Amino acid sequence: MEQSCAEVLILLGGGIDSSALIPFYLSRGMKVQGVHFNYGQPSAVGERRSVIALSDYYNIPVFTVDLKLPIVCVNWEYRGRNALLLLAAANVISAGPILLSIAIHAGTPYYDCSRTFLMDMARIFDGYFGGTIGIEAPFIDFTKPDIFEFCLQNEVPISLTYSCERHAESPCGECPSCKDREMLYAGYRNLQGTQSSGR
C-alpha cells in the first residue's frame, strides 16, 4: 500500500509505545482513530481507562472490541496476539484504503515484533484485502528508550498511559511491562540528574 494513505487505525494498548503513535500520525496530518481490544488480559480495565484518557486528550475517536477469545499467556508471551489483533482490526473496518499501525519495536525476542513478521502479515493482508489495507510499524527500529525519548520530545502525556500485565487498577511493579517502565523512568531521572550537576 502507498504510504500516502490519509487515514490510520492505531492498535492502542494504553501503554507508552502505542500512545506515541498518536502524535506521530497527527503530526503528519493524517486522520487518526484507535481501537482497543479486550482479549481476556488481566489489565484490560486499566488499559481501557488509559485509552479513553488519551482519546480525550488528543481528541481522536477510539472504540473497544471484545474479542470473546482469551489469548493464553505463556512466560509473559501472548503467542499469536499481534497477528490476531491486526486481523481483527482489519475486520472491523468498513472500507479502505486505510493503514493499520502497531507499536512493535526493536529489542524484543518475539517473532511478532520483527520485520519478518511485518512482511509475512503484509503478504497475508495483500491476499485478503488486495492492497486496500496496509500495515505499518513506525517504531520497528526504535528501542524502548528511543520511544520514551520520542514521547518526551513530543509531549506525550505519559502519566495517562498504563503498563502492567497483572493488574487493572494499579501496577504490580513486577511484570516485564512494569519493569520496563521503571527502567525508562530511572534512566530519565539519571539523565536529569547528570544535566543538573553539569550546569
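Look a little higher up for the structure.
Turning our attention to the pattern of salt bridges. Counted by the stated rule, this structure contains six salt bridges. A salt bridge links D66 to K68; the shortest N-O distance between them is 3.8 Å. We classify K68 as exposed; its relative accessible area is 69%. Where D141 meets R115, a salt bridge forms, and the shortest distance between an N and an O atom there is 2.7 Å. Here D141, found in the loop between β7 (133–136) and α5 (144–153), pairs with R115, found in helix α4 (residues 115–129); they are 26 residues apart in sequence, far enough to count as distant.

Their axes nearest at 11 Å, the elements helix α3 (residues 81–90) and α4 cross at an angle of 30°. When the axis of α3 is compared with that of α4, the two are roughly parallel. Considering how the two elements wind past one another, α3 and α4 form a crossing that is right-handed. For the pair α3 and α4, contact is made by N82, A83, L86, L87 and A90 and by F117, M121, I124, F125, Y128 and F129, respectively. Tallied by class, residues from the contact of α3 with α4 come to 10 nonpolar, one polar and no charged.

Our focus in this paragraph is the environment of A83. Positionally, A83 belongs in helix α3. Separated by 38 residues in sequence, A83 and M121 place their C-alpha atoms 7.3 Å apart. Excluding its chain neighbours within four sequence positions, the residues that come into contact with A83 are F117 and M121.

Okay, the environment of S177 next. Its place among the elements puts S177 in helix α6 (residues 176–197). Its relative accessible area of 23% is what places S177 among the partly exposed residues. Along the chain, S177 and C164 lie 13 residues apart, while their C-alpha atoms are 5.4 Å from each other. Leaving out residues up to four positions away in the same chain, S177 has contacts with S163, C164 and E165. Here the side chain of S177 touches E165 through a polar contact of 2.6 Å, side chain to side chain.

The rules behind the values
- Residue indices follow the written sequence of each chain, beginning from 1 at its first position.
- The model is predicted, so local features are restricted to residues of pLDDT at least 70 and side-chain atom pairs to those at 80 or more, both for listing and for counting; the totals for chains, interfaces and linings are taken over all residues.
- With hydrogens and water excluded, all non-hydrogen atoms of the structure serve as input to the side-chain values.
- By convention in these notes, a salt bridge is any Lys or Arg side-chain nitrogen within 4 Å of a carboxyl oxygen on Asp or Glu.
- Residue exposure (1.4 Å probe, protein chains only): buried if accessible area is under 20% of the type maximum, exposed if over 50%, otherwise partly exposed.
- For helices the rule is a DSSP run of H or I covering at least 4 residues; for strands it is a run of E covering at least 2, with both sets numbered from the N terminus onward.
- Angles here are taken between N-to-C directions and fall from 0 to 180 degrees, while the axes themselves are lines fitted to C-alpha atoms, restricted in helices to the stretch in contact.
- Should an angle lie under 35 degrees it is considered roughly parallel, over 145 roughly antiparallel, and from 65 to 115 roughly perpendicular; all remaining angles are considered oblique.
- Note on convention: near helix rotated counterclockwise from far helix by under a right angle means a left-handed crossing. Clockwise means right-handed.
- Contacts between residues were defined by any pair of non-hydrogen atoms, one from each residue, lying within 4.5 Å.
- Residues are grouped as follows: Ala, Val, Leu, Ile, Met, Phe, Trp, Tyr, Cys and Pro are nonpolar; Asp, Glu, Lys and Arg are charged; every other residue, Gly included, is polar.
- Under this definition, polar contacts are N or O atom pairs within 3.5 Å; protein pairs additionally need one hydrogen-donor-capable and one acceptor-capable atom, and for neighbouring residues in sequence, both atoms have to be side-chain atoms.

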